[in-house]
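# Geometric and topological summary
These are the residues of each chain, in order.
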Amino acid sequence: MPHTVESVIVAIDGPSGTGKSSTSKAVAAKLGLRYLDTGAQYRAITWWMITNGVDVEDAQAVATAAGKPVIVSGTDPTAPTITVDGLDASGPIRTQEVTSRVSAVSAVPEVRSIITDLQRSIAAQAAGGIVVEGRDIGTTVLPDADLKIFLTASPEARAARRSGELKGSDVHATREALIKRDAADSSRKTSPLAKADDAVEVDTTELTLDQVIECVVTLVEEKRAAGK
Ligand SMILES: Nc1ncnc2c1ncn2[C@@H]1O[C@H](COP(=O)(O)OP(=O)(O)O)[C@@H](O)[C@H]1O
Ligand SMILES: Nc1ccn([C@H]2C[C@H](O)[C@@H](COP(=O)(O)OP(=O)(O)O)O2)c(=O)n1
C-alpha cells in the first residue's frame, strides 16, 4: 500500500564516507521525519560480541549469540541514541576495534535477520515517516520505500572525509581500510551492499554536504507532490 503524503519512507544506502549519516540526519530534521542509522546497530552488536568474549571470526559462535543483546535506537535526527542492554553504546561503537570487526559480524545471516526485523519494526512505528540509512535498506530491509537514494564518492574523497574525522590518522591507511571494508560488505552472500534498481544514484565527490542535502530534500518533495 502506498504511504500517505505525511508518512514518507526514505532509504539511503552507499559505502562508507559517502555522506549517508550527515545527509540522512539533516534531511530528516528538515522534513520532520525520524532517523535510523542501521550501521550503528551492526556496530552495537559487534561491540557486544567483543565485550562478551565471542570470537567474531567464528560465524557459528556469533550466530548462537546474536539474539542475546538488546539493542535500542533513539530516532530523533537531532539527537540519535543507541543502547545495548541499557548501556549507552554511542562512543564505544566508533572505535577502530569495532570498525575493523563489524564486517565479519554483519555478514552472519542470523545477525542480519535479527537486525533487519528490528529495523522494519522501527520503520513501521515511525508514524510520520523516517529516513533509514545503511547498505541494504533499498534492496532488502525496506524494498517498498517511497524514495531510494544510493550515495557514491571516489575512494580518495571518502578517505579524506574519514581521516578529517579521525584526528592524526593517515589518509592512505584510511583509504585502504575503507576499500577492504567495501569489498567485504559488497561480496557477502546475505544482502550485500548494493544499489537497488529503482534507487537514484548521487555521486557526492564534487558536491558539498549542503548540496547533497538539498538534492535529497528536493527528491523527497517531488515524491510527495507526485503522491498528491
Ligand atoms: N559532500 C560532502 N563533502 C564534504 N564532506 C562531506 C560530504 N558529505 C559528508 N561529509 C563529511 O564526511 C564525513 C563522513 O560523512 P558521513 O555522513 O559519516 O558518511 P557515511 O555515513 O556515509 O559514512 C563527515 O565528517 C561529513 O561531515
Ligand atoms: N544496513 C547495513 C548497515 C551497515 N552494515 C555494516 C557494514 C558496515 O561496514 C558496518 C558499519 O556501517 P556504518 O554505516 O556505521 O559505517 P560507516 O560509518 O559508513 O563507516 O555495518 C550492514 O551490513 N548493513
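Being a predicted model, the structure only gives us computed values, none of them experimental.

### A word on the site of ligand 2
- Around ligand 2, the structure places 19 residues, and the nearest of them are Ser16, Arg43, Arg112, Arg181 and Asp185.
- The separation between an oxygen atom of ligand 2 and a polar side-chain atom of Ser16 is 2.7 Å.
- A distance of 2.8 Å is found between a nitrogen atom of ligand 2 and a side-chain nitrogen or oxygen belonging to Asp136.
- In isolation ligand 2 offers 520 Å² of accessible surface; the protein chains occlude 98% of this area.
- Examining the composition of the shell around ligand 2, we find that four residues originate from one element, helix α2 (residues 38-51), more than from any other.
- Class assignment of the residues belonging to the shell around ligand 2 gives a composition of three nonpolar, six polar and 10 charged.

### Examining helix α5 (residues 109-125)
- Taking 1.5 Å as the rise per residue, α5 with 17 residues should run 24 Å; its terminal C-alpha atoms sit 24 Å apart, in good agreement.
- Inspection of α5 places Val111, Arg112, Ile115, Thr116, Gln119, Ile122 and Ala123 among the buried residues, and these make up the whole buried set. Down the axis of α5, the smallest arc covering the buried residues is 125°, so these residues share one side. Residues Ala124 and Gln125 are exposed on α5 and point more than 90 degrees away from its buried face.

### Topic: the site of ligand 1
- The immediate surroundings of ligand 1 are formed by 16 residues, with Gly17, Lys20, Ser22, Arg162 and Leu207 found nearest.
- Between ligand 1 and Arg162, the relevant distance is 2.5 Å, taken from an oxygen atom to a side-chain nitrogen or oxygen of the residue.
- Leu207 has a polar backbone atom sitting 2.8 Å from a nitrogen atom of ligand 1.
- Elements supplying a minimum of two residues to the shell around ligand 1: α1 (20-31), α7 (155-165) and α9 (209-227).
- Among the residues forming the shell around ligand 1, the class breakdown is four nonpolar, eight polar and four charged.

### Focus on the pattern of salt bridges
- All chains considered together, the criterion is met by 10 salt bridges.
- Linking Asp136 and Arg112 is a salt bridge whose minimum nitrogen-to-oxygen distance equals 3.0 Å. Placement of Asp136 in the loop between β6 (129-134) and α6 (137-141) and of Arg112 in helix α5 is noted, with a sequence separation of 24 residues between them.
- For Asp136, a relative accessible area of 1% puts it in the buried group.
- The class for Arg112 is buried, based on a relative accessible area of 3%.
- For the salt bridge of Asp185 with Arg135, the shortest nitrogen-to-oxygen distance reads 3.9 Å. Highlighted residues: Asp185 in helix α8 (residues 171-187) and Arg135 in the loop between β6 and α6, separated in sequence by 50 residues. In terms of burial, Asp185 and Arg135 fall into one category: buried.
- One salt-bridge network, held together by shared partners, links Arg135, Asp185 and Arg188.

### Quick word on the pairing of strand β3 (residues 71-74)
- Of the two faces of β3, the one lined by Ile71 and Ser73 is fully buried and the one lined by Val72 and Gly74 carries no buried residue.
- One ladder, built from four bridges, connects β3 with strand β4 (residues 81-84); its direction is antiparallel. When the sheet's bridge partners are listed, Ser73 is paired in β4 with Ile82.
- Remark: six residues form the turn of the hairpin made by β3 and β4, two consecutive strands paired antiparallel.

### Let's talk about α8
- With 17 residues, α8 ought to run about 24 Å at 1.5 Å a step, and its terminal C-alpha atoms sit 24 Å apart, in line with that.
- Among the residues of α8, Thr174, Leu178, Arg181, Asp182 and Asp185 are the ones counted as buried. Angularly, the buried residues of α8 cover 105° about the axis, an arc narrow enough to put them on a single face. Away from its buried face, by an angle of more than 90 degrees, α8 presents the exposed residues His172, Lys180 and Ser187.
- On its buried face, α8 sits against α2, α4 (96-106) and α7.

Here is what the cut-offs are and how they apply
- Residues numbered from 1 in each chain as written.
- Chains lettered and ligands numbered in written order.
- Predicted model: local features only at pLDDT ≥ 70, side-chain atom pairs only at ≥ 80, totals over all residues.
- Heavy atoms only, no water.
- Near = heavy atom within 4 Å.
- Polar contact = N/O pair within 3.5 Å; in protein donor to acceptor, adjacent residues only side chain to side chain.
- Areas by Shrake-Rupley, 256 points an atom, 1.4 Å probe, with all protein chains shown as cover.
- Helix = DSSP H or I, 4+ residues; strand = E, 2+ residues; numbered from the N terminus.
- Nonpolar A, V, L, I, M, F, W, Y, C, P; charged D, E, K, R; others polar.
- Expected span 1.5 Å × (residues − 1).
- Buried < 20%, exposed > 50% of the residue type's maximum accessible area, 1.4 Å probe, protein only.
- Arc of directions from axis to C-beta.
- Salt bridge = Lys/Arg side-chain N within 4 Å of Asp/Glu carboxyl O.
- Pairing = 2+ DSSP bridges.
- Contact = heavy atoms within 4.5 Å.

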